[in-house]
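Fold and contact review
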Amino acid sequence: MTEENDPPPISKLTRSKQRWAQQGRFLTGKTARPQEQRLPPGQHLTRDWPVLDLGLTPNISRERWRLDVYGAVENPIFWNWAAFTAQPQTQFRSDIHCVTTWSRYDNQWEGLATRDLLAACRPRDEARFVVLHSHDGYTTNLALEDFAAEDALLAHRWSEAPLEQEHGGPVRLVVPHLYFWKSAKWLQRIEFRSDDAPGYWEVRGYHNRGDPWQEQRYSND
Ligand SMILES: Nc1nc2c(c(=O)[nH]1)N[C@H]1C(S)=C(S)[C@@H](COP(=O)(O)O)O[C@H]1N2
Ligand SMILES: [Mo]
């Protein structure tokens, strides 16, 4: 686990991903509508579940785990594991679309719907953006409407088992309608803001929103 201000070490994959953004790698120039085709442009289907991250894999036990929800909210939250899992539990089935072109269908998630989190923390009128902070030093930003999507959740179970550490357990975000880099693993803090604050990949050439149907892979599209 690193402190907030230590930049995470740069792996070979991370370096490649920075280069791909500069090169516009994988772009097909096509868009699609989710109603018409299930696989977004430039994606291919995989049956296994690849692990993608900065390479640190923080080890956070459920006993030590806390979630801090703060910033432009009426009711800041600081939950331990018992308080978090006492919140309403929702199950969603959704597809994963990673910007490196793999997609994985029919993931069964369980956890706290972001809509239920919003009901609990009550964003103030000026709140327009959400920044996720993770235990590996990773950050990613979302517009409040994207964070509030009806199938978005803070997941702690996948396929009816506890979410594996390598996939972001104890708790990760899942926002199915955007590329998977928006779905922060090893969630530590959720910050509500009036101004936007681009995250780890968003300041390294990746699109600020990341809609796979519009092929919003890179910021210079
Ligand atoms: N904390 C954290 N979350 C992260 C990342 C990361 O490096 N650190 N990588 C993102 C990227 S680029 C992808 S594709 C997905 C991968 O999730 P998976 O390893 O469960 O497939 O996690 C996203 N969330
Ligand atoms: Mo990714």
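Residues numbered from 1 in each chain as written. Chains lettered and ligands numbered in written order. Predicted model: local features only at pLDDT ≥ 70, side-chain atom pairs only at ≥ 80, totals over all residues. Heavy atoms only, no water.

1. Some points on helix α1 (residues 12-23)
One full turn of an α-helix is made of 3.6 residues, so residues set three or four places apart face in the same direction. Taking 1.5 Å of rise per residue, the 12 residues of α1 would be expected to cover 16 Å, and the 16 Å separating its terminal C-alpha atoms lies within 8% of that figure. Within the sequence span of α1, burial applies to Thr14, Ser16, Lys17, Trp20 and Ala21. The arc that holds the buried residues of α1, viewed along the axis, is 160°, so those residues lie on one side. In α1, the exposed positions angled more than 90 degrees off the buried face are occupied by Lys12, Arg15 and Gln22. Downstream of α1 by a residue or two, Gly24 has a phi angle that is positive, lying close to 65°. (Helix = DSSP H or I, 4+ residues; strand = E, 2+ residues; numbered from the N terminus. Expected span 1.5 Å × (residues − 1). Buried < 20%, exposed > 50% of the residue type's maximum accessible area, 1.4 Å probe, protein only. Arc of directions from axis to C-beta.)

2. Quick notes on the pattern of salt bridges
One pass over the structure, following the stated rule, counts 12 salt bridges. Ionic contacts of the salt-bridge type, sharing partners, join the residues Arg38, Asp95 and Asp106 into one network. (Salt bridge = Lys/Arg side-chain N within 4 Å of Asp/Glu carboxyl O.)

3. Let's talk about the site of ligand 1
Looking at ligand 1, there are 20 residues lining it, with Pro50, Asp136, His167, Arg172 and Lys185 nearest. In the model, an oxygen atom of ligand 1 is placed 2.7 Å from a nitrogen or oxygen of the His167 side chain. The separation between an oxygen atom of ligand 1 and a polar side-chain atom of Lys185 is 2.6 Å. Protein contact buries 99% of the 530 Å² of open area that ligand 1 shows by itself. Here the shell around ligand 1 is built from residues that sort into 12 nonpolar, 3 polar and 5 charged. (Near = heavy atom within 4 Å. Polar contact = N/O pair within 3.5 Å; in protein donor to acceptor, adjacent residues only side chain to side chain. Areas by Shrake-Rupley, 256 points an atom, 1.4 Å probe, with all protein chains shown as cover. Nonpolar A, V, L, I, M, F, W, Y, C, P; charged D, E, K, R; others polar.)

4. Concerning the sheet that holds strand β6 (residues 129-134)
Within the open sheet, the 5 strands sit side by side as β3-β2-β11-β6-β7. Their pairing is mixed. Looking along the sheet, the strands with just one partner apiece sit at the ends: β3 (77-80) and β7 (139-143). Adjacent strand axes in the sheet meet at a mean angle of 15°, parallel and antiparallel pairs treated alike. Relative to β3, strand β2 (residues 66-71) is paired through 4 bridges, and the arrangement is antiparallel. If you follow Arg66 over to β3, its bridge partner there is Asn80. Helix α3 (residues 114-121) contacts β2, β3 and β11 (187-193) of the sheet and is inclined by roughly 125° relative to β3. (Pairing = 2+ DSSP bridges. Axes fitted to C-alpha atoms, helices over the stretch in contact; angles between N-to-C directions. Contact = heavy atoms within 4.5 Å.)

5. Looking at the pairing of β2
If you look at the hairpin formed by β2 and β3, you'll find 5 residues sitting between the two strands. Two elements, β2 and β11, share 4 bridges in a ladder whose sense is parallel. Residue Val69 lies in a different strand from β11, and its bridge partner there is Ile190.

6. Thoughts on the packing of aromatic side chains
Taken as a whole, this structure holds 15 aromatic pairs when the rule is applied. Between Trp81 and Phe84 the ring centres are 5.8 Å apart and the planes differ by 55°, which places this aromatic pair in the tilted class. With a gap of 3 residues between them, Trp81 and Phe84 both fall in helix α2 (residues 81-85), about one helical turn apart. An identical accessibility class is assigned to Trp81 and Phe84; each is buried. For the pair Trp102 and Phe180, a centre-to-centre distance of 6.3 Å together with 85° between the ring planes defines the contact as edge-to-face. Remark: Phe180 occurs in the loop between β10 (172-174) and β11 and Trp102 occurs in strand β5 (residues 102-113); sequence separation between them is 78 residues. Of the two residues examined, Trp102 and Phe180, each falls in the buried class. Each member of the aromatic cluster is reached from another via a ring pair, and the members are Tyr138, Tyr179, Trp181, Tyr200, Trp201, Tyr206 and Tyr218. The ring centre of Tyr105 lies 3.9 Å from the NZ or CZ of Arg38, which sits over that ring. One cation-aromatic arrangement involves Arg204 over Tyr200; the distance from NZ or CZ to the ring centre is 3.8 Å. (Phe/Tyr/Trp six-rings, centres within 6.5 Å; stacked < 30°, edge-to-face > 60°. Lys NZ or Arg CZ within 6 Å of the ring centre and 35° of its normal.)

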